[in-house]
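Geometric and topological summary
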Amino acid sequence: MTEVAEAPGTQRAQELKRINHWINGAPVAGQSGRSGPVYNPAAGIQSGEVDFASAEEVDRAVQVANDAFPMWRAMSLSRKTEIFFRIRKLVDEHREDIAKILTAEHGKVLSDAKGEVARGLEVIEYCCGIPELLKGGFTEQASTGIDVYSIRQPLGVCAGITPFNFPAMVPMWMWAPALACGNTFVLKPSEKDPSASVYTAELLKEAGVPDGVFNVVHGDKVAVDAILEHPGIDSVSFVGSTPIARYVYETGTSHGKRVQALGGAKNHMIVLPDADIEMAADAAVSAGYGSAGERCMAVSMLVAVGDAGDELVGAIKQRLPKVKVGDGMDPDAEMGPLVTREHRDKVASYIDRGRAEGATVVTDGRESAPDGDGFFLGVTLLDDVRPGMDVYKDEIFGPVLGVTRVNTYDEAVRLVNENPYGNGVAIFTRAGGVARQFQFDVNVGMVGINVPIPVPVAYYSFGGWKNSLFGDLHVYGPEGIQFYTRGKVVTSRWPDPATSKVDLGFPQTR
């Protein structure tokens, strides 16, 4: 009998949807005897069961991907481009269907889910230009009668381990460039909201992606470790918390894999005294509470410089009662539930912890949470947060926004640079010279100037610094293409046989 993990006190839907693996172009029922619950967070009920893969099932997916690699690698760029344009068309046509799956399992409001799909689609569109992106270099007559050229070739079987907060977009950041570069792929999505990945697999098959090129295995640490240790996997991409990112990087690289592992964040938004406070307050509410704060680029700490603090906190407080929290399918809802009851309770615990440490609770999200069994928490604002408090140090990953106050620009920059994370940061100011100096001074991978969530467009690359990234290369964009390929340099000569001779000297170019 299948073993299903279930949280105490959790209601179950009358009929639970079964979510299988996707291997070799078809759904495959799990054989491990293990599975996990999938919830409808807005209703607080279990809506499905997802199969958990054993190491043997992961091995089957890898073998299938390995068998498909020679054919996919050899397929012409023109043909791959044609397939990618069809992928783009199908994802675009079904973007609302994908978004509804995200809302049903993650809880984010439908408009936010549609935005997630749109940003993932941008990466697919970028990959439609793969013939241009894989162009190499050529040098004629590097030496007498010798030409030199460079090419980039795929790695083989690549794997992606993705988080619960972006169940469609983050996988697209990985599989789209990996497949476009000629690799095959094994995806291990979050077990909390896995259905979007299987739906995507169906769309890829419909677009003409050959069987075995894209595979999905579900699971927990057993599946993750099987991926990290499998000798048939050449690279691993990961997005998640910093402790797990470090583990993925160290384990994967110790098993000979190329790894990019994106970790956690504690993103600061600095507001200078000259800033447009109304605009800064709008940005803080949007970036702090959008998707219930379950974003690695969410603003979680506001740094009010000089006398900006009182006016900024007052402007934010004024806006919070207008934030409508509810079922993500409600068109009037602006913020949905958190992904699980356990996560909601953990996030809520920081409110009391912050008060105990000396922070001022301006707004307590527990007081505005909707009634019912859903995993809801309203918006929380904490003022007078100081470095050293848990609410300052920890990545809370929920709708809890903290405010810390400093006297000068230099103090604000020092807070950002001393933080162990370096994912995103923003500054709000009217002074162009200060903004330019800020982007020069700050040790963070993605910087926003009057932009609260500076996620790069698809033709740049996404990634942080410090403990927000393990590995050398960021995801998608030019660095994504580099990550999923390796370079080769060819030196070529077609001499007249009559000029051939033995020469034991060091090769010369002049």
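Structure shown above.
From a predicted model like this one, the values you see are computed outputs, not experimental measurements.

The rules behind the values
Residues numbered from 1 in each chain as written. Predicted model: local features only at pLDDT ≥ 70, side-chain atom pairs only at ≥ 80, totals over all residues. Heavy atoms only, no water. Pairing = 2+ DSSP bridges. Helix = DSSP H or I, 4+ residues; strand = E, 2+ residues; numbered from the N terminus. Axes fitted to C-alpha atoms, helices over the stretch in contact; angles between N-to-C directions. Contact = heavy atoms within 4.5 Å. Parallel < 35°, antiparallel > 145°, perpendicular 65-115°, else oblique. Left-handed = near helix turned anticlockwise from the far one by under 90°. Nonpolar A, V, L, I, M, F, W, Y, C, P; charged D, E, K, R; others polar. Salt bridge = Lys/Arg side-chain N within 4 Å of Asp/Glu carboxyl O. Buried < 20%, exposed > 50% of the residue type's maximum accessible area, 1.4 Å probe, protein only.

1. What about the sheet that holds strand S14 (residues 267–271)?
Within a sheet, neighbouring strands are paired by backbone hydrogen bonds and run either parallel or antiparallel to one another. Taken together, 7 strands build an open sheet; the order of strands is S16-S17-S18-S15-S14-S20-S21 and the sheet is mixed. Each end of this open sheet is capped by a strand with a single partner; those strands are strand S16 (360–363) and strand S21 (446–449). With strand direction ignored, the average angle separating the axes of adjacent strands in the sheet is 20°. Pairing analysis gives 5 bridges linking S14 to strand S15 (residues 299–305), with the strands arranged parallel. Following the sheet pairing, His268 is matched in S15 by Met301. Helix H15 (residues 432–441) contacts S14, strand S20 (424–428) and S21 of the sheet and is inclined by roughly 165° relative to S20.

2. Some thoughts on the packing of helix H3 (residues 95–105) against helix H7 (residues 195–207)
Running from amino to carboxyl end, H3 crosses H7 at an angle of 160°, the nearest separation of the two axes being 9 Å. In this view, H3 runs roughly antiparallel relative to H7, as classed from their interaxial angle. Here the hand of the crossing between H3 and H7 comes out right-handed. Across from Asp97, Ile98, Ile101, Leu102 and Glu105 in H3, the residues of H7 making contact are Ser195, Ala196, Tyr199 and Leu203. Residue composition of the contact of H3 with H7, grouped by class: 6 nonpolar, 1 polar and 2 charged.

3. Remarks on the pattern of salt bridges
Taken as a whole and judged by the stated rule, the model has 33 salt bridges. Across the pair Arg18 and Asp51 runs a salt bridge, and its minimum N-O distance is 2.5 Å. Residue Arg18 is located in strand S2 (residues 11–19), and its partner Asp51 is located in strand S6 (residues 45–51); the two are separated by 33 residues in the primary sequence. Arg18 gets classed as partly exposed once you look at its relative accessible area, which sits at 34%. A salt bridge links Arg366 to Asp352; the shortest N-O distance between them is 2.9 Å. You can see Arg366 sitting in the loop between S16 and strand S17 (380–383) and its partner Asp352 sitting in helix H12 (residues 341–357), a full 14 residues away along the chain. Here the residues in one salt-bridge network are Arg88, Asp92, Arg95 and Glu125, joined through shared partners.

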